[in-house]
Amino acid sequence: MMKFAPASLFLFFIMMLSTLVSALPVNMQVGTKQNVTWDTSDAPTQITNPIGRIILSKGGLLDLDNPLADGFDILLGEFEVTVPDVEPADDYAIVLFGDSGNASPQFTIEA
Ligand SMILES: *[C@@H]1O[C@H](CO)[C@@H](O)[C@H](O)[C@H]1NC(C)=O
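Being a predicted model, the structure only gives us computed values, none of them experimental. (Residues numbered from 1 in each chain as written. Predicted model: local features only at pLDDT ≥ 70, side-chain atom pairs only at ≥ 80, totals over all residues. Heavy atoms only, no water.)

(A) The side chain of D91, seen in detail. With respect to the element layout, D91 can be found in strand β7 (residues 89-97). Here the side chain of D91 touches K58 through a polar contact of 3.4 Å, side chain to side chain. Setting aside residues up to four positions removed in sequence, D91 forms contacts with S57, K58, G59, Q106 and F107. (Helix = DSSP H or I, 4+ residues; strand = E, 2+ residues; numbered from the N terminus. Polar contact = N/O pair within 3.5 Å; in protein donor to acceptor, adjacent residues only side chain to side chain. Contact = heavy atoms within 4.5 Å.)

Written out as structure tokens, the structure is:
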């Protein structure tokens, strides 16, 4: 059963980070800085991938080629990103990857 341990940890971490990026504003302007925050208070003590990555998603599609941030410590609980110069729309979200992924509520990016 040992080989299933990473998957269990994955699910556990999704649940533990369920309050992720709740502090983001609903409207963001291109070029502004925003603090992405997530709750690490209940993070598991054994984290297989401690390196975080923040990805922008639009309409549920992840822009994996252009991470907003990469290579930071997942236990920081906060990371500042710059809103990229993307097409204005109201179906953007931010996804945090570390041990697992978790998405924010959707928000609008304005030109
Ligand atoms: C993000 O948080 C840091 C540290 O708390 C603060 O210095 C910075 O001004 C914040 N940035 C924004 C855009 O709020």
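(B) Seen up close, the pairing of strand β3 (residues 51-58). Pairing geometry for β3 and strand β5 (residues 69-73), over four bridges, is antiparallel. Within the sheet, the bridge partner assigned to I51 lies in β5 and is D73. (Pairing = 2+ DSSP bridges.)

(C) Up close: the nonpolar core. Formed by 16 residues in total, the largest nonpolar core has its most connected members in W38, I54 and F107. Elements supplying a minimum of two residues to this core: β3, β5, β7 and β9 (107-110). No other element matches the four residues that β7 contributes to this core. Beyond its immediate sequence surroundings of up to four residues, I54 is in contact with V36, W38, P67, L68, A69, F72, F79, V81, I94, V95 and L96. (Core = buried A, V, L, I, M, F, W, Y, C linked by side-chain atoms within 4.5 Å. Buried < 20%, exposed > 50% of the residue type's maximum accessible area, 1.4 Å probe, protein only.)

(D) Region of the structure containing the site of the ligand. Surveying the vicinity of the ligand reveals the residues K33, N35, E78 and E80. A distance of 3.3 Å is found between an oxygen atom of the ligand and a side-chain nitrogen or oxygen belonging to E78. Secondary structure elements with two or more residues in the shell around the ligand: β2 (33-37) and β6 (78-82). For the shell around the ligand, the class distribution of residues is no nonpolar, one polar and three charged. (Near = heavy atom within 4 Å. Nonpolar A, V, L, I, M, F, W, Y, C, P; charged D, E, K, R; others polar.)

(E) Examining the pattern of salt bridges more closely. A complete count under the given rule lists three salt bridges for this structure. Between D70 and R53 there is a salt bridge, with its nearest N and O atoms 3.2 Å apart. Of this pair, D70 sits in strand β5 while R53 sits in strand β3; the two residues are 17 residues apart in sequence, bridging distant segments of the chain. For the salt bridge of D91 with K58, the shortest nitrogen-to-oxygen distance reads 3.4 Å. Taken together, the positions of D91 in strand β7 and K58 in strand β3 put the pair 33 residues apart, joining distant regions of the chain. (Salt bridge = Lys/Arg side-chain N within 4 Å of Asp/Glu carboxyl O.)

(F) Quick peek at the environment of F79. As for its position among the elements, F79 is in strand β6. In this structure, the C-alpha to C-alpha distance between F79 and V36, residues 43 residues apart in sequence, is 5.3 Å. F79 has contacts with Q34, N35, V36, W38, I54, A69 and F72, leaving out every residue within four places of it along the chain.

(G) Here's a closer look at the packing of aromatic side chains. Tallied over the entire structure, the rule returns two aromatic pairs. Seen in terms of ring centroids, W38 and F72 are 5.7 Å apart; in terms of plane orientation they differ by 45°. Their pairing is tilted. Of this pair, W38 sits in the loop between β2 and β3 while F72 sits in strand β5, placing them 34 residues apart in sequence. A relative accessible area of 5% means that W38 is categorised as buried. On the basis of an interplanar angle of 20° and a centroid distance of 4.4 Å, the ring pair of F72 and F79 is categorised as stacked. Each residue in the set W38, F72 and F79 is aromatic and connected to the rest through ring pairs, giving one cluster. It is K58 that lies over the ring of Y92; its NZ or CZ is 5.8 Å from the centre. (Phe/Tyr/Trp six-rings, centres within 6.5 Å; stacked < 30°, edge-to-face > 60°. Lys NZ or Arg CZ within 6 Å of the ring centre and 35° of its normal.)

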